[in-house]
Amino acid sequence: MENNPSVKLHNINALKFKPEKKYNLIVCFEMLEHLHEDLKLLKLINSWMKNDGFLLISAPHNEKLWNIRDEQAGHLRRYSKDEIKNKLKKANLKPTRILCYGFPFIRLFLGTYLKIEEKMQKKTGKEDKSNTSQTRPVLLRRMKKISAPILKHLFKFDNLFLNSDRGLGLVIMAKKITQ
């Protein structure tokens, strides 16, 4: 970041990244689910961290919630809490906090949105693989625009359920285990 020289941002091909130094904090949002070798990346990330460094991850949660958006985004998986804990442990990282977000209202809204999108695709006979606002049906864009201000407040209610196991996504804080 320009204003803070101690913060380094990298947009990288993670499996080929060769850092020049070790980091206190590594942030890996919405990335692991796209990789065939997610455990390999977690082990590499561990090698890039200072002793007692932290890793902050977000990833989609719950295989049962697999939907068209996962396919469009190129996801290979959704994680359970146990699966991500086990992979972190194998990478010598210890989860210090796991939050499961997106229940009940975000999940309800997304489910409704996806059902409408699916019906509209069947009606038109084509799938929107480009995932751009120009190609998305007008009705869905209107629904999103009208509902956004209302949903913003409803979604705050979801915070009451951050420790449940019913949400759409996980946010995980993990610490490097030093020997």
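Our subject in this report is the structure included herewith.

What counts, and at which threshold
Residues numbered from 1 in each chain as written. Predicted model: local features only at pLDDT ≥ 70, side-chain atom pairs only at ≥ 80, totals over all residues. Heavy atoms only, no water. Phe/Tyr/Trp six-rings, centres within 6.5 Å; stacked < 30°, edge-to-face > 60°. Helix = DSSP H or I, 4+ residues; strand = E, 2+ residues; numbered from the N terminus. Buried < 20%, exposed > 50% of the residue type's maximum accessible area, 1.4 Å probe, protein only. Contact = heavy atoms within 4.5 Å. Pairing = 2+ DSSP bridges. Axes fitted to C-alpha atoms, helices over the stretch in contact; angles between N-to-C directions. Core = buried A, V, L, I, M, F, W, Y, C linked by side-chain atoms within 4.5 Å.

**Examining the packing of aromatic side chains**
Alright, step 1. Under the defined criterion, the tally for this structure stands at one aromatic pair.
Alright, step 2. Centre to centre, the rings of Phe 17 and Trp 48 are 5.1 Å apart; their planes meet at 85 degrees, and the pair counts as edge-to-face. Here the residue Phe 17 occupies a position in the segment before strand S1 (23–29), and Trp 48 occupies one in helix H1 (residues 38–48), the gap between them amounting to 31 residues.
Alright, step 3. With a relative accessible area of 15%, Phe 17 lands in the buried category.
Alright, step 4. On the basis of relative accessible area, Trp 48 is assigned to the buried category, the value being 6%.

**Let's talk about the environment of Lys 87**
Alright, step 1. Tracing the backbone shows Lys 87 in helix H3 (residues 81–90).
Alright, step 2. Contact partners of Lys 87, with chain neighbours within four places excluded, come to Asp 38, Leu 39, Leu 42, Arg 77 and Tyr 79.

**What to know about the sheet that holds strand S3 (residues 93–101)**
Hydrogen bonds along the backbone pair up the strands of a sheet, which may run parallel or antiparallel.
Alright, step 1. A sheet is described by the order of its strands in space; here four strands give the open sequence S1-S2-S4-S3, paired in mixed fashion. Two strands close off the open sheet at either side, each with one partner strand: S1 and S3. Direction aside, neighbouring strands of the sheet carry axes that sit 15 degrees apart on average.
Alright, step 2. Pairing of S3 with strand S4 (residues 169–176) involves eight bridges; the strand directions are antiparallel. Paired with Pro 95 across the bridge in S4 is Ala 174.
Alright, step 3. Along the sheet, H1 contacts S1, strand S2 (49–60), S3 and S4; its crossing angle with S2, the most-contacted strand, is approximately 145 degrees.
Alright, step 4. H3 rests against S2, S3 and S4 of the sheet, and its axis sits at about 160 degrees to S3.

**Notes on unusual backbone geometry**
Backbone phi values are negative for most residues with the exception of glycine, while trans is the configuration of most peptide bonds.
Alright, step 1. Residue Glu 30 is not a glycine yet carries a positive backbone phi of 50 degrees.
Alright, step 2. Mapped onto the elements, Glu 30 comes out in the loop between S1 and H1.
Alright, step 3. Glu 30 gets classed as partly exposed once you look at its relative accessible area, which sits at 34%.
Alright, step 4. Phi is positive for Asn 62, which is not a glycine, with a value near 75 degrees.

**Describing the nonpolar core**
Alright, step 1. If you look at the biggest cluster of nonpolar residues, it comprises 25 residues, and the most contacted ones within it are Leu 32, Leu 41, Ile 45, Trp 48, Leu 55, Ile 84 and Leu 88.
Alright, step 2. The set of elements that each furnish at least two residues to this core consists of S1, H1, S2, H3, S3 and S4.
Alright, step 3. Leaving out residues up to four positions away in the same chain, Trp 48 has contacts with Ala 14, Phe 17, Pro 19, Lys 21, Lys 22, Tyr 23, Ile 26 and Leu 41.

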